[in-house]
Every structure is written in structure tokens, then in C-alpha cells.
Amino acid sequence: MANYGKPDFWALKSQKEGYPARSVYKLRELNEKFGLLPAGGSCRPSSPFRVLDLGAAPGSWSLYVLRILGDRGFLAAGDISPLSRRYDQGLFDRDNFFFIQGDITSEDTRDALLSRGPYRLLLSDLAPATTGSRQVDTLRSLSLAETALDYAGDALAQGGSMAVKVFQGGDTASLLKRIRELFRTGKSFKPQACRRESFETYYIGLDKK
Ligand SMILES: C[S@@+](CC[C@H](N)C(=O)[O-])C[C@H]1O[C@@H](n2cnc3c(N)ncnc32)[C@H](O)[C@@H]1O
């Protein structure tokens, strides 16, 4: 059985590299594989590359996005839990970052996040608090992924992309069907940085119709 209390190689590496959680390596892999974030360059685009991060706490993905994009980007993030301020070096205080602590299914949170769009990229690492029942956890994860997809429908600009975490085992076929209706490309991908025993995977939507 996995020992989630003990920091493993990836958890220790992330802390050494300035991130509160090992999840940053999953996003790095997703970005390397699918080119989700624009590569760096000396010229700055006229409008910032806007990213929405759902289920952002403790903040590794947000920090990764802010460090890659710098002033070329704007990031809005939401989570029920607060962000960790241990590694952000002031990035969470900058004008190109907005965070709301709230339930992403609530109207207030949704309004606050949608009003800062439209976005070019939606990231969702949302995960339910696990109960020990795989069936319950999978259903809750799928429901969060469906909510993230609702956000994608309303908040992503045409041509935008999305990466959404889902626990395997539920009706992911209908999720993928919905993704393929909304995006020109839809596929699943399991980063190597996921724990071997984890049943999570990511669904990718590229080029919103
Ligand atoms: C795996 S963690 C995200 C880790 C994050 N991507 C990072 O790199 O630091 C999943 C997050 O989903 C959040 N979450 C779960 N259900 C939520 C909901 N209904 N509204 C907002 N956040 C939620 C949890 O609070 C948790 O922080």
C-alpha cells in the first residue's frame, strides 16, 4: 500500500526546486508533451496569455505557470483551500495573478473566475478528498471533471486548450465524448510523475472549436 505520509523522491525534489507539491512534475510533463504554455521569447505579445487553474492549492501548478509566463501571462486560480505562501517569492502578490478561495461549483466563485476570462488555457487538477471507497472517489472526481468542462465551455477562447485530472474507473468514455465535441482534439495521458499506484489520469482538449 502507498505511504502518502512520507515524502518520496518527487516530493523532496519539488521542495528543493521551490514548489509546495510534487504535482508540478505532472504539469511539466503535460506541457512538454502538448505545448500547453507558449515558449519563452524576447518579444512580448500585445495581450497576456490568460490561464485558469482550478483546484490550485497548495499552488505548485500556479507557480509553474507564473514562472514560465512571467509578465507575458495572467493567471486566475481557485480552490476551497488556501495557497501555500512558502515558495511563491511574492508571485502571488503580483497584478497578473488572481486567487479566489471558494468552491468552484458555487456561483460566486464561478462568476469571479469567468469575469477574468476568456482564457487560452484551462488547467484542472481538482481532486475530491478521498474516502477510501474507490467507487465514491471516482464518481466525485468525474463530477469535478465535468464541472471543469463546463468552465471550459464558458471561459475558454476559441483555439484554447485544457488539461483536466480524472480518477479512472468511472464513465470516462462520456467525458471524452464531451471533450471531443468541444475541442478538435481530445485524448488522455498519464504522466510518469503520477504515483505508480495512483489511478488518476489527465484528459486533454486542444484547439477549442
Ligand atoms: C491535487 S490538489 C491540487 C494540487 C495543485 N494543482 C498544485 O499543484 O498545488 C486538488 C485540489 O482540489 C481542490 N478541490 C477539490 N474540490 C474542490 C471544489 N469543489 N472547489 C474548489 N477546490 C476543490 C482541493 O482543495 C485540492 O487543493
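In what follows, the structure referred to is the one given above.
Residues numbered from 1 in each chain as written. Predicted model: local features only at pLDDT ≥ 70, side-chain atom pairs only at ≥ 80, totals over all residues.

## Thoughts on the nonpolar core
Core analysis: the largest hydrophobic core is formed by 51 residues, its most contacted members being L52, L122, A145, A148 and V164. In terms of residues, this core owes the most to one element, helix α5 (residues 134–155), which gives eight residues. Residue contacts for V164: discarding those within four places in its chain leaves S124, A145, A148, L149, Y202 and Y203. (Core = buried A, V, L, I, M, F, W, Y, C linked by C-beta atoms within 7 Å. Buried ≥ 20, exposed ≤ 12 C-beta atoms within 10 Å, placed from the backbone. Helix = DSSP H or I, 4+ residues; strand = E, 2+ residues; numbered from the N terminus. Contact = placed C-beta atoms within 7 Å.)

## Observations regarding the packing of helix α2 (residues 24–34) against helix α3 (residues 60–69)
In contact at an axis separation of 8 Å, α2 and α3 are set at 45 degrees when each is read in the N-to-C sense. As the angle between them shows, α2 and α3 are arranged oblique. The interaxial crossing formed by α2 with α3 has right-handed handedness. Seen from α2, the contacting residues are V24, L27 and R28; seen from α3, they are S60, W61 and Y64. For the contact of α2 with α3, a count of residues per class yields four nonpolar, one polar and one charged. (Axes fitted to C-alpha atoms, helices over the stretch in contact; angles between N-to-C directions. Parallel < 35°, antiparallel > 145°, perpendicular 65-115°, else oblique. Left-handed = near helix turned anticlockwise from the far one by under 90°. Nonpolar A, V, L, I, M, F, W, Y, C, P; charged D, E, K, R; others polar.)

## Quick look at the site of the ligand
Close contacts around the ligand come from 22 residues, with S23, G55, A57, S60 and D125 the closest. Those elements giving two or more residues to the shell around the ligand turn out to be α3 and β2 (73–79). Its residues placed into classes, the shell around the ligand shows twelve nonpolar, seven polar and three charged. (Near = placed C-beta within 6 Å.)

## Quick look at the sheet that holds strand β4 (residues 119–124)
Two modes of strand pairing occur in sheets, parallel and antiparallel, and in both the strands are linked by backbone hydrogen bonds. With mixed pairing, the seven strands of this open sheet are ordered in space as β3-β2-β1-β4-β5-β7-β6. Among the strands making up the open sheet, the edge pair consists of β3 (97–101) and β6 (183–189). Across the sheet, the mean angle separating the axes of adjacent strands is 10 degrees when strand polarity is ignored. Judged from the five bridges that link them, β2 and β3 form a sheet pairing that is parallel. Counted as the bridge partner of D79 is Q101 from β3. The strands touched by α3 are β1 (49–54), β2, β3 and β4; relative to β2, the strand with the most contacts, the crossing angle is about 175 degrees. Sitting on the sheet, helix α6 (residues 172–182) is in contact with β5 (156–167), β6 and β7 (200–208), with an inclination near 150 degrees to β6. (Pairing = 2+ DSSP bridges.)

## Some thoughts on the pairing of β7
Bridge count between β5 and β7: six bridges; the pairing is antiparallel. For A163, the partnering residue across the bridge sits in β7 and is I204. For β6 and β7, the ladder comprises six bridges, and the chain directions are antiparallel. Directly across from G186, in β7, lies its bridge partner G205.

## A closer look at the environment of A163
With respect to the element layout, A163 can be found in strand β5. Assessed through the 25 C-beta atoms surrounding it within 10 Å, A163 is described here as buried. Taking the C-alpha atoms as reference points, A163 and P48, 115 residues apart in sequence, are found 20 Å from one another. Once residues within four sequence positions are removed from consideration, A163 is found in contact with L30, L36, L123, Y202 and I204.

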